[in-house]
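Analysis of the macromolecular model
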Amino acid sequence: MNSYKIAPSILSADYANFESELKKLEATGAEYAHIDIMDGHFVPNISFGAGVVASMRPHSKLAFDCHLMVSNPEHHIEEFARAGADIISIHAEATSHIHGALQKIRAAGVKASVVINPGTPVEAVKNVLNLVDQVLVMTVNPGFGGQAFLPETMDKVRELVVLREVNQLGFDIEVDGGIDNETIRVAKEAGANVFVAGSYVFKDDVAHQVHTLKEALHD
Ligand code: DX5
Ligand code: ZN
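My aim in this report is to walk through the structure given alongside it, one point at a time. (Residues numbered from 1 in each chain as written. Chains lettered and ligands numbered in written order. Predicted model: local features only at pLDDT ≥ 70, side-chain atom pairs only at ≥ 80, totals over all residues. Heavy atoms only, no water.)

**Re the sheet that holds strand S7 (residues 172-176)**
With respect to topology, 8 strands assemble into an open sheet ordered S1-S8-S7-S6-S5-S4-S3-S2, the strand pairing being parallel. A strand with exactly one partner marks an edge of an open sheet, and here the two such strands are strand S1 (5-8) and strand S2 (32-38). On average, each strand axis in the sheet is tilted by 25° relative to the strand beside it, whichever way the strands run. In terms of strand pairing, S1 meets strand S8 (residues 194-197) through 4 bridges, oriented parallel. Within S8, the position partnered with Ile-6 by the bridge is Phe-195. This element, helix H4 (residues 98-107), spans strand S4 (87-91) and strand S5 (111-116) of the sheet and lies at about 150° to S5. (Pairing = 2+ DSSP bridges. Helix = DSSP H or I, 4+ residues; strand = E, 2+ residues; numbered from the N terminus. Axes fitted to C-alpha atoms, helices over the stretch in contact; angles between N-to-C directions. Contact = heavy atoms within 4.5 Å.)

**Thoughts on the site of ligand 1**
Among the 20 residues in the neighbourhood of ligand 1, the closest are listed as Asp-36, Gly-143, Gly-146, Asp-176 and Ser-199. In the environment of ligand 1, an oxygen atom lies 2.8 Å from a nitrogen or oxygen atom belonging to the backbone of Gly-198. The contact in question runs from an oxygen atom of ligand 1 to an N or O atom on the side chain of Ser-199, over 2.5 Å. Considered on its own, ligand 1 offers 380 Å² of accessible surface; in the complex 100% of this is hidden by protein. More than half of the atoms belonging to ligand 1 lie within 2 Å of the grid points that define the largest pocket. Of all elements in the fold, only S2, strand S3 (63-69) and S8 reach the threshold of two or more residues within the shell around ligand 1. A per-element tally of the shell around ligand 1 places S2 first, with 3 residues. When grouped by side-chain class, the residues that make up the shell around ligand 1 number 8 nonpolar, 10 polar and 2 charged. (Near = heavy atom within 4 Å. Polar contact = N/O pair within 3.5 Å; in protein donor to acceptor, adjacent residues only side chain to side chain. Areas by Shrake-Rupley, 256 points an atom, 1.4 Å probe, with all protein chains shown as cover. 1 Å grid on protein atoms, 1.4 Å probe; cavity = no way out; pocket = protein on both sides within 12 Å on 5 of 7 lines; lining within 4 Å. Sits in = over half its atoms within 2 Å of the grid points. Nonpolar A, V, L, I, M, F, W, Y, C, P; charged D, E, K, R; others polar.)

**Re the packing of aromatic side chains**
Think of a pair of aromatic rings as described by two things: how far the centres are apart, and how the planes are tilted against each other in angle. One pass over the structure, following the stated rule, counts 4 aromatic pairs. Aromatic pair Tyr-4 and Phe-195: ring centres 6.1 Å apart, planes at 50°, arrangement tilted. With a gap of 191 residues between them, Tyr-4 in the segment before S1 and Phe-195 in strand S8 connect regions that are remote in the sequence. Aromatic pair Phe-18 and Phe-48: ring centres 5.6 Å apart, planes at 80°, arrangement edge-to-face. Placement of the pair is Phe-18 in helix H1 (residues 18-28) and Phe-48 in the loop between S2 and helix H2 (50-56), with a sequence separation of 30 residues. With a relative accessible area of 9%, Phe-48 lands in the buried category. An aromatic cluster is present here, built from Tyr-15, Phe-18 and Phe-48 joined pairwise through their rings. Directly above the ring of Phe-64 sits Arg-57, whose terminal nitrogen or CZ lies 3.7 Å from the centroid. Seen from the ring of Phe-171, Arg-164 lies directly overhead, with NZ or CZ sitting 5.7 Å from the centre. (Phe/Tyr/Trp six-rings, centres within 6.5 Å; stacked < 30°, edge-to-face > 60°. Buried < 20%, exposed > 50% of the residue type's maximum accessible area, 1.4 Å probe, protein only. Lys NZ or Arg CZ within 6 Å of the ring centre and 35° of its normal.)

By themselves these figures say nothing about function.
Okay, here's the thing in structure tokens:
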């Protein structure tokens with residue numbers, strides 16, 4: 001059984017105070033810090049790079065779940081591994097070499113995760129499921145925090161649960177985008193077990209917000 005994990009996205013945190021924001025998150029009992037890397041090419045926005053991740057590393061024991069929304073992510077894997085990433089997620093749409101890129105992540109000693117956008121079918125990652133520790137199903141189109149959850153993406157979560165079972169694999173299923181105390185239940189019912197939440201966590205007291213997410217998972 002894949003255990004439930006909450007992954008607050010620091011895209012919605014105060015960028016001038018990452019150290020204290022990470023400390024606050026650690027105290028909430030969240031399992032991961034989800035770190036959104038945007039290059040202004042694969043997605044319209046630019047967020048931050050490996051240097052910022054490396055600066056944050058000494059200040060937190062949380063697992064760093066680095067979501068690379070960048071074109072040709074294979075060129076940046078070693079850099080993020082050195083910066084202290086525990087999990088690196090790369091988009092199937094962002095490279096012609098998804099198989100090799102995932103192998104590169106594991107070779108760097110980091111957990112490998114493959115991401116599919118709302119418009120990308122599970123079929124696109126079927127041949128690499130044996131190479132990953134996690135599949136991230138985007139529940140919004142990537143690029144911005146604060147967008148509405150797309151319920152139609154849940155069919156892909158259910159499909160992945162079946163493929164995992166049939167092929168006797170153990171990957172986690174993460175969802176990202178529009179997760180709050182209601183949509184988290186929908187994603188859990190479909191079979192997801194790792195839940196990214198940005199605006200929901202940071203719009204109020206983070207400890208309280210993470211607590212309500214955890215509560216929603218257990219009732
Ligand atoms: C969107 C990012 C998300 C984002 C989620 O492109 O990948 O991780 O921070 O934000 P919310 O939870 O506000 O939808
Ligand atoms: Zn993300």
